[in-house]
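Given next are the chains, with one letter for each unit.
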Amino acid sequence: MAGKVFFSVSMSLDGFVAPEGRMGDPRWMAQWMELQQWVFPQRFFRENLKLSEGGEEGRDNDILRETFERTGASVMGKRMFELGEQAWPEDAPFHTPVFVVTHEKRAPWQRPGGTTFHFVNDGIETALDQARGAAGDRDVRIAGGGATILEYVNAGLIDEFSIALSPVLFGSGIRLFEGVDADRVALEPVRAEPTQRVTHLTYAVRER
């Protein structure tokens, strides 16, 4: 039986999933690190990226592990891929097929550890179809960035999403739901889990 299509992101308290400015600039990086501060100490994150042994265990760590284990394939936009291509280690952290929505024609890029990037030139639905085929009975994660996630939301292709609401304020940047088709999308609360670092919110997506 086919799995769900979902996304899972960190978001600032004022609704932004990425800072303003150019990715990689010092101010951008400082804000991004602050937004993601709940992830870095977690044992699963550190082990998955082969950073070091040890780390925090608890509900935040469990959620990272559960998100990884449910994901059979991922989809992302070209902008996120280009940033990650520079930042990810050789053994990229997905360990599953990843489908990149892009106009660039490029042969699949295989990395150690089970990650292969496939470049899809026919739009978001084709990328999702290919990801579903690769995922089997596991779920497909729309990994980002924000514009790609919004395309899938507005196309009615998201079943569920989770937000780690981080206690930081950006003031400006990329809003997750800027331009959402609110007349089409209805949300059903599934779960709210506060931890010492963030609040994890999960919603099922329904058509109005």
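Scroll up to find the structure this text is about.
So, here is what we can say about the structure in this document. Quick caveat: nothing in here was measured; it's all calculated off a predicted structure.

Parameters and conventions
Residues numbered from 1 in each chain as written. Predicted model: local features only at pLDDT ≥ 70, side-chain atom pairs only at ≥ 80, totals over all residues. Heavy atoms only, no water. Pairing = 2+ DSSP bridges. Helix = DSSP H or I, 4+ residues; strand = E, 2+ residues; numbered from the N terminus. Phe/Tyr/Trp six-rings, centres within 6.5 Å; stacked < 30°, edge-to-face > 60°. Buried < 20%, exposed > 50% of the residue type's maximum accessible area, 1.4 Å probe, protein only. Lys NZ or Arg CZ within 6 Å of the ring centre and 35° of its normal.

### Here we look at the sheet that holds strand β6 (residues 116-120)
Here is step 1: Strand order in the open sheet made by the nine strands is β5-β6-β4-β3-β7-β1-β8-β11-β10, with mixed pairing throughout. What marks the edges here is a single partner per strand, and that holds for β5 (109-110) and β10 (185-194).

### Let's talk about the pairing of β10
Here is step 1: As paired elements, β10 and strand β11 (residues 199-207) share nine bridges and run antiparallel to each other. Its bridge partner lying in β11, Pro194 is registered against Thr199.
Here is step 2: The antiparallel hairpin formed by β10 and β11 contains four residues in its connecting segment.

### Things to note about the packing of aromatic side chains
Here the distance between the centres and the angle between the planes together describe a pair of aromatic rings.
Here is step 1: Overall, the coordinates contain 14 aromatic pairs when judged by the stated rule.
Here is step 2: Taking 5.6 Å as the distance between ring centres and 10 degrees as the angle between the ring planes, the aromatic pair formed by Trp88 and Phe117 counts as stacked. Note that Trp88 is positioned in the loop between α4 (78-87) and β4 (97-101) and Phe117 in strand β6, a separation of 29 residues in sequence.
Here is step 3: Ring plane angle 85 degrees and centroid distance 6.0 Å describe the contact between Phe94 and Phe117, whose orientation is recorded as edge-to-face. Here Phe94, found in the loop between α4 and β4, pairs with Phe117, found in strand β6; they are 23 residues apart in sequence, far enough to count as distant. Residue Phe94 shares its accessibility class with Phe117, and that shared class is buried.
Here is step 4: A network of ring pairs unites the aromatic residues Phe81, Trp88, Phe94, Trp109, Phe117 and Phe119 as a single cluster.
Here is step 5: Stacked on the ring of Phe6, the Lys or Arg Arg70 has its end atom at 3.8 Å from the ring centre.
Here is step 6: The aromatic ring of Trp109 is capped on one face by Arg106, whose charged end is 5.4 Å from the ring centroid.

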